Amino acid sequence: MDALLAELRAILMREIELHKHLLSLLHKEKVCLIDLSTEEIVENTKKKETCALKIKMLEESRLSLIKRLSPHFAIPFQELTLSKLVSLLEEPHRSDLDEVRSTLLSLIKSIEELNQHNCMVVKD
(Lines give C-alpha, C1' and ligand atoms only; values in the text may rest on other atoms or scores of the structure.)
Protein backbone atom coordinates (compact mmCIF):
# COMPACT_ATOMS: atom_id res chain seq x y z
CA MET A 1 0.00 0.00 0.00
CA ASP A 2 2.96 2.34 0.59
CA ALA A 3 3.75 2.23 -3.12
CA LEU A 4 0.16 3.23 -3.98
CA LEU A 5 0.29 6.11 -1.51
CA ALA A 6 3.61 7.27 -2.95
CA GLU A 7 2.10 7.16 -6.43
CA LEU A 8 -0.93 9.13 -5.19
CA ARG A 9 1.33 11.75 -3.65
CA ALA A 10 3.28 12.06 -6.91
CA ILE A 11 0.05 12.58 -8.86
CA LEU A 12 -1.15 15.20 -6.38
CA MET A 13 2.17 17.03 -6.53
CA ARG A 14 1.93 17.15 -10.32
CA GLU A 15 -1.64 18.44 -9.97
CA ILE A 16 -0.36 21.18 -7.68
CA GLU A 17 2.24 22.18 -10.28
CA LEU A 18 -0.42 22.33 -12.99
CA HIS A 19 -2.84 24.29 -10.82
CA LYS A 20 -0.07 26.80 -10.06
CA HIS A 21 0.55 27.11 -13.77
CA LEU A 22 -3.16 27.59 -14.42
CA LEU A 23 -3.29 30.27 -11.74
CA SER A 24 -0.39 32.11 -13.41
CA LEU A 25 -2.20 31.88 -16.75
CA LEU A 26 -5.29 33.40 -15.14
CA HIS A 27 -3.17 36.26 -13.79
CA LYS A 28 -1.82 36.79 -17.29
CA GLU A 29 -5.37 36.67 -18.65
CA LYS A 30 -6.37 39.39 -16.20
CA VAL A 31 -3.65 41.68 -17.59
CA CYS A 32 -4.55 40.82 -21.18
CA LEU A 33 -8.22 41.57 -20.55
CA ILE A 34 -7.43 44.93 -19.03
CA ASP A 35 -5.06 45.75 -21.91
CA LEU A 36 -7.59 44.44 -24.45
CA SER A 37 -4.84 42.42 -26.12
CA THR A 38 -6.92 40.08 -28.29
CA GLU A 39 -4.02 38.09 -29.73
CA GLU A 40 -2.54 37.45 -26.28
CA ILE A 41 -5.97 36.51 -24.93
CA VAL A 42 -6.38 33.89 -27.64
CA GLU A 43 -2.89 32.49 -27.07
CA ASN A 44 -3.39 32.41 -23.30
CA THR A 45 -6.74 30.66 -23.72
CA LYS A 46 -5.04 27.89 -25.70
CA LYS A 47 -2.49 27.47 -22.91
CA LYS A 48 -5.28 27.33 -20.30
CA GLU A 49 -7.11 24.66 -22.31
CA THR A 50 -3.94 22.57 -22.58
CA CYS A 51 -3.31 22.92 -18.85
CA ALA A 52 -6.92 21.98 -18.02
CA LEU A 53 -6.62 18.88 -20.21
CA LYS A 54 -3.45 17.82 -18.38
CA ILE A 55 -5.22 18.33 -15.05
CA LYS A 56 -8.14 16.22 -16.26
CA MET A 57 -5.78 13.41 -17.25
CA LEU A 58 -4.17 13.49 -13.82
CA GLU A 59 -7.59 13.44 -12.18
CA GLU A 60 -8.39 10.28 -14.14
CA SER A 61 -5.11 8.73 -12.98
CA ARG A 62 -5.93 9.71 -9.41
CA LEU A 63 -9.39 8.10 -9.65
CA SER A 64 -7.84 4.92 -11.01
CA LEU A 65 -5.44 4.88 -8.10
CA ILE A 66 -8.27 5.47 -5.61
CA LYS A 67 -10.01 2.43 -7.09
CA ARG A 68 -6.89 0.40 -6.36
CA LEU A 69 -6.63 1.79 -2.82
CA SER A 70 -10.28 1.35 -1.82
CA PRO A 71 -10.08 -2.43 -1.16
CA HIS A 72 -7.35 -1.77 1.44
CA PHE A 73 -9.90 0.18 3.47
CA ALA A 74 -13.00 -1.88 2.58
CA ILE A 75 -14.69 1.27 1.27
CA PRO A 76 -16.30 1.62 -2.16
CA PHE A 77 -14.07 3.79 -4.33
CA GLN A 78 -16.95 6.22 -4.93
CA GLU A 79 -16.94 7.01 -1.20
CA LEU A 80 -13.17 7.20 -0.78
CA THR A 81 -12.52 10.91 -1.11
CA LEU A 82 -9.10 12.34 -0.52
CA SER A 83 -10.31 13.80 2.77
CA LYS A 84 -11.69 10.44 3.89
CA LEU A 85 -8.48 8.70 2.85
CA VAL A 86 -6.42 11.13 4.93
CA SER A 87 -8.59 10.44 7.96
CA LEU A 88 -8.03 6.69 7.57
CA LEU A 89 -4.25 6.84 7.23
CA GLU A 90 -1.65 6.62 9.93
CA GLU A 91 1.34 8.90 10.32
CA PRO A 92 3.45 9.93 8.48
CA HIS A 93 1.13 9.42 5.51
CA ARG A 94 -1.78 11.24 7.18
CA SER A 95 -0.08 14.59 7.73
CA ASP A 96 1.82 14.44 4.44
CA LEU A 97 -1.25 13.81 2.30
CA ASP A 98 -3.32 16.25 4.32
CA GLU A 99 -0.79 18.99 3.62
CA VAL A 100 -0.81 18.19 -0.09
CA ARG A 101 -4.62 18.09 -0.10
CA SER A 102 -4.82 21.46 1.66
CA THR A 103 -2.40 23.03 -0.81
CA LEU A 104 -4.41 21.72 -3.74
CA LEU A 105 -7.69 22.97 -2.25
CA SER A 106 -6.20 26.39 -1.64
CA LEU A 107 -5.01 26.61 -5.23
CA ILE A 108 -8.39 25.53 -6.56
CA LYS A 109 -10.10 28.20 -4.46
CA SER A 110 -7.69 30.86 -5.76
CA ILE A 111 -8.31 29.72 -9.32
CA GLU A 112 -12.07 29.93 -8.85
CA GLU A 113 -11.85 33.42 -7.36
CA LEU A 114 -9.55 34.77 -10.07
CA ASN A 115 -11.63 33.15 -12.78
CA GLN A 116 -14.76 34.84 -11.38
CA HIS A 117 -12.90 38.15 -11.31
CA ASN A 118 -11.83 37.73 -14.93
CA CYS A 119 -15.42 36.92 -15.89
CA MET A 120 -16.52 40.17 -14.27
CA VAL A 121 -13.91 42.09 -16.26
CA VAL A 122 -15.26 40.59 -19.47
CA LYS A 123 -18.86 41.48 -18.57
CA ASP A 124 -18.01 45.13 -17.77
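Read on for a plain summary of the structure. (Residues numbered from 1 in each chain as written. Predicted model: local features only at pLDDT ≥ 70, side-chain atom pairs only at ≥ 80, totals over all residues. Heavy atoms only, no water.)

Glancing now at the packing of helix α1 (residues 2-35) against helix α2 (residues 38-73). Two elements in contact, α1 and α2, have axes whose closest approach is 9 Å; the angle formed by their N-to-C orientations is 160°. Classed by the angle they form, the pair α1 and α2 counts as roughly antiparallel. Between α1 and α2 the crossing geometry is left-handed. Looking at side-chain class alone, the contact of α1 with α2 contains 17 nonpolar, five polar and 12 charged residues. (Axes fitted to C-alpha atoms, helices over the stretch in contact; angles between N-to-C directions. Helix = DSSP H or I, 4+ residues; strand = E, 2+ residues; numbered from the N terminus. Parallel < 35°, antiparallel > 145°, perpendicular 65-115°, else oblique. Left-handed = near helix turned anticlockwise from the far one by under 90°. Nonpolar A, V, L, I, M, F, W, Y, C, P; charged D, E, K, R; others polar.)

Moving on: the packing of α1 against helix α4 (residues 93-123). Running from N to C, α1 and α4 cross one another at 20°; their axes reach a closest spacing of 9 Å. As the angle between them shows, α1 and α4 are arranged roughly parallel. Here α1 runs over α4; the crossing is left-handed. Looking at the contact of α1 with α4 residue by residue, the class counts come to 18 nonpolar, eight polar and seven charged.

Before going further, it helps to spend a moment on the side chain of His19. Turning to its location among the elements, His19 is positioned in helix α1. In this structure the side chain of His19 is engaged in a polar contact, spanning 2.7 Å, whose partner is the backbone oxygen of Glu15. With residues near it in sequence (within four places) discarded, His19 still touches Ile55, Leu104, Leu107, Ile108 and Ile111. (Polar contact = N/O pair within 3.5 Å; in protein donor to acceptor, adjacent residues only side chain to side chain. Contact = heavy atoms within 4.5 Å.)

Taken as a whole and judged by the stated rule, the model has eight salt bridges. Taking the shortest distance from any N to any O, the salt bridge between Glu7 and Arg68 comes out at 3.5 Å. Of the two residues, Glu7 is situated in helix α1 and Arg68 in helix α2; the sequence distance between them amounts to 61 residues. When its relative accessible area of 35% is taken as the criterion, Glu7 is described as partly exposed. Residue Lys48 is joined to Glu29 by a salt bridge in which the shortest nitrogen-to-oxygen separation is 2.4 Å. One end of the pair, Lys48, is in helix α2; the other, Glu29, is in helix α1, with 19 residues separating them in the sequence. Each of the salt bridges in this network shares a partner with another, and the network as a whole consists of Glu15, Glu59 and Arg62. (Salt bridge = Lys/Arg side-chain N within 4 Å of Asp/Glu carboxyl O. Buried < 20%, exposed > 50% of the residue type's maximum accessible area, 1.4 Å probe, protein only.)

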